[in-house]
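Topology and contacts: notes
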Amino acid sequence: DLFGDITWPPRRCIEFGAGAALPSLALIREGTHEVVISDMYVNDQAFDAIRMSVDANADAWGLSSEVINSRVSVVPHSWGEDIDKLCGSDGRADLLIASDCIYNPMHHRALLESAIGTMNDGGLFVVGYSFHGNVSPNEVLAFFDLALEFGLEVTNGLDVESDGQRGIGSNDASRGAVHLRVLEKR
């Protein structure tokens, strides 16, 4: 099993670099008790859009605004900085998610600082990534070597190949692979 012995749905999850927050939405749907959706502050509109997406999906799933407001937080967070808003009154999380966040090696250490500071003992950190071409694959993969220094070890993974990324401004066949790694505290 990809996630080992974790209780499903997890009690508390934090998503780093959420963007559109698709993993968080899936966890809300799965019944995770508390979901913290975080991304770097750009402007209020970005966080309003995440909240609108959460509210619209919750409505479609028949979840009341009271239930959603008690289970979901949308907060700004710059990696490596104050984690108090992420931990809240319930403390640390048993599941952390970072999707498409390790393509810039300059931010590896800060992301790991936030992760280790918000993760329960026995928690999991799920990291999804692809190679963007801005740096070599080895520089991206150095994240996992650095994670060992933080006491996080890759325990499982999944690689999905496709014929490439397609979309506006992109026709890069080499970016078709998506990788997922599960890290646990040692």
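Structure shown above.
Quick summary incoming for the structure in this document.

Conventions we followed
- Residues numbered from 1 in each chain as written.
- Predicted model: local features only at pLDDT ≥ 70, side-chain atom pairs only at ≥ 80, totals over all residues.
- Heavy atoms only, no water.
- Helix = DSSP H or I, 4+ residues; strand = E, 2+ residues; numbered from the N terminus.
- Pairing = 2+ DSSP bridges.
- Axes fitted to C-alpha atoms, helices over the stretch in contact; angles between N-to-C directions.
- Contact = heavy atoms within 4.5 Å.
- Salt bridge = Lys/Arg side-chain N within 4 Å of Asp/Glu carboxyl O.
- Buried < 20%, exposed > 50% of the residue type's maximum accessible area, 1.4 Å probe, protein only.

1. Digging into unusual backbone geometry
Here the amide bond leading from Trp8 into Pro9 is cis, since omega sits at -5°, within 30 degrees of zero. As for its placement among the helices and strands, Pro9 is situated in the segment before strand S1 (12-16). Its identity is not glycine, yet Ala21 carries a phi of approximately 65°, on the positive side. Within the fold, Ala21 resides in the loop between S1 and helix H1 (22-30).

2. A closer look at the sheet that holds strand S5 (residues 119-129)
The strand order across the open sheet formed by 7 strands is S3-S2-S1-S4-S5-S9-S6, and the pairing between neighbours is mixed. Every other strand in the sheet has two partners, leaving strand S3 (72-76) and strand S6 (152-160) as the edge strands with one partner each. Strand-to-strand twist of the sheet, defined as the mean angle between neighbouring strand axes without regard to direction, takes the value 15°. In this sheet, S3 lies alongside strand S2 (residues 34-39) in parallel orientation, the contact comprising 5 bridges. What sits directly across from Ser38, in S3, is Val75. Of the strands in this sheet, S1, strand S4 (93-99), S5, S6 and strand S9 (178-185) touch helix H5 (residues 108-118), which is tilted by about 145° from S5. Lying on the sheet, helix H6 (residues 137-149) is in contact with S5, S6 and S9; it crosses S5 at an angle near 170°.

3. Quick look at the pattern of salt bridges
By the definition in use, this model includes 5 salt bridges. With its nearest N and O atoms 3.8 Å apart, the salt bridge here joins Asp55 to Arg51. One end of the pair is Asp55 and the other is Arg51, both in helix H2 (residues 44-60) and 4 residues apart, which spans about a single turn. Relative accessible area serves as the criterion here: at 36%, Asp55 is assigned to the partly exposed category. Put simply, Arg109 and Glu149 hold a salt bridge, and the shortest N to O gap is 4.0 Å. Here Glu149 lies in helix H6 and Arg109 lies in helix H5, a separation of 40 residues in the sequence. For Arg109, a relative accessible area of 42% gives the class partly exposed.

Scope: geometric values only; no functional claims are made or implied.
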